[in-house]
Amino acid sequence: MHNQISSGKDFAIESTLSGRSLIKIFQQLKFEKYRIIVLYIFLDCVKIAVDRVRVRVEEGGHHIPTEDLQRRYSRSFNNFWNIYNDLADEWQIFYNGEDNVIQTAFGAKQEFKIIDESKFDLFMRGLDVKNNEL
């Protein structure tokens, strides 16, 4: 990623946004005049994430401990909504709890348009999750 930035090339990264390590990188990208677009994809609950990891492992993919998924779940929502969307030039939220991914909202900083009210309400409830038990 740092090589891409120093060479001025476009790139994409994947993150749960459950930590704050990308804040400095986003700030550097802003300084380097990059355009930052965040696509945030969420699920109804951590149980779906646990089930999907289990299936991935059965298919030969890597494991993520359930405790990590539980810890990251609400932090991800809150970090996106309270930190990363303000650092981005634009953002979009997608719901991925059904067969099809559903665009839920899009915006720039705190100005946004809701596309699917029920899915956006579900996203907002994710901000209030205090107990991530299954």
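In the block above lies the structure referred to throughout.
What comes next concerns the included structure. Note that the coordinates shown come from a computational prediction; the quantities given were computed from them, not determined experimentally.

Right, let's talk about the packing of aromatic side chains for a bit. Applying the stated criterion across every chain, the model contains 20 aromatic pairs. Both rings, one in Tyr 40 and one in Phe 80, keep their centres 4.6 Å apart while their planes meet at 15°; by these two values the pair is stacked. Of the two residues, Tyr 40 sits in strand β1 (residues 37–42) while Phe 80 sits in helix α4 (residues 66–87), which places them 40 residues apart along the sequence. On the numbers, 5.8 Å between centres and 65° between planes, the contact of Phe 42 with Phe 77 is edge-to-face. Note that Phe 42 is positioned in strand β1 and Phe 77 in helix α4, a separation of 35 residues in sequence. Assessed through its relative accessible area of 1%, Phe 77 is described here as buried. Put simply, the rings of Tyr 40, Phe 42, Tyr 73, Phe 77, Phe 80, Trp 81, Trp 91, Tyr 95, Phe 112, Phe 120 and Phe 123 pair up and form one aromatic cluster.

To describe two helices that pack against each other, one gives the angle between their axes and the distance between the axes. One can describe the packing of helix α3 (residues 46–58) onto α4 by two numbers: an axis separation of 10 Å at closest approach and a directional angle of 145°. Seen from above, α3 lies across α4 with right-handed handedness. Touching Val 46, Ala 49, Val 50 and Val 53 of α3 are Thr 66, Leu 69, Gln 70 and Tyr 73, all from α4. Among the residues making up the contact of α3 with α4, the classes are represented as six nonpolar, two polar and no charged.

Moving on, we get to α4. Between its first and last C-alpha atoms α4 spans 29 Å; for 22 residues at 1.5 Å apiece the expected length is 32 Å, and the two agree. Largest kink in α4: about 45°, centred on Phe 80.

Here we take up unusual backbone geometry. If you check the backbone angles, Leu 17 has positive phi at about 60° while not being a glycine. By the secondary structure assignment, Leu 17 is in the loop between α1 (2–7) and α2 (22–31). One non-glycine residue, Lys 33, adopts positive backbone phi at about 70°. With respect to the element layout, Lys 33 can be found in the loop between α2 and β1. Here Lys 33 falls in the exposed class, since its relative accessible area comes to 73%.

Following the sequence through the fold, Lys 119 ends up in helix α5 (residues 117–127). With sequence-adjacent residues up to four places away left out, Lys 119 is seen in contact with Phe 42, Tyr 95, Glu 98, Ile 102 and Thr 104.

So, about the sheet that holds strand β3 (residues 102–108). With mixed pairing, four strands are arranged side by side in an open sheet as β1-β2-β3-β4. At either end of the open sheet lies a strand with only one pairing partner, and these are β1 and β4 (111–114). On average, adjacent strands in this sheet sit at an angle of 20° to one another, irrespective of strand direction. In this sheet, strand β2 (residues 90–95) lies alongside β1 in parallel orientation, the contact comprising six bridges. Residue pairing in the sheet places Tyr 40 in a bridge with Ile 93 of β2.

So, how was this worked out
- Residues numbered from 1 in each chain as written.
- Predicted model: local features only at pLDDT ≥ 70, side-chain atom pairs only at ≥ 80, totals over all residues.
- Heavy atoms only, no water.
- Phe/Tyr/Trp six-rings, centres within 6.5 Å; stacked < 30°, edge-to-face > 60°.
- Helix = DSSP H or I, 4+ residues; strand = E, 2+ residues; numbered from the N terminus.
- Buried < 20%, exposed > 50% of the residue type's maximum accessible area, 1.4 Å probe, protein only.
- Axes fitted to C-alpha atoms, helices over the stretch in contact; angles between N-to-C directions.
- Left-handed = near helix turned anticlockwise from the far one by under 90°.
- Contact = heavy atoms within 4.5 Å.
- Nonpolar A, V, L, I, M, F, W, Y, C, P; charged D, E, K, R; others polar.
- Expected span 1.5 Å × (residues − 1).
- Bend = angle between axes of the 7 residues up to and from the residue.
- Pairing = 2+ DSSP bridges.

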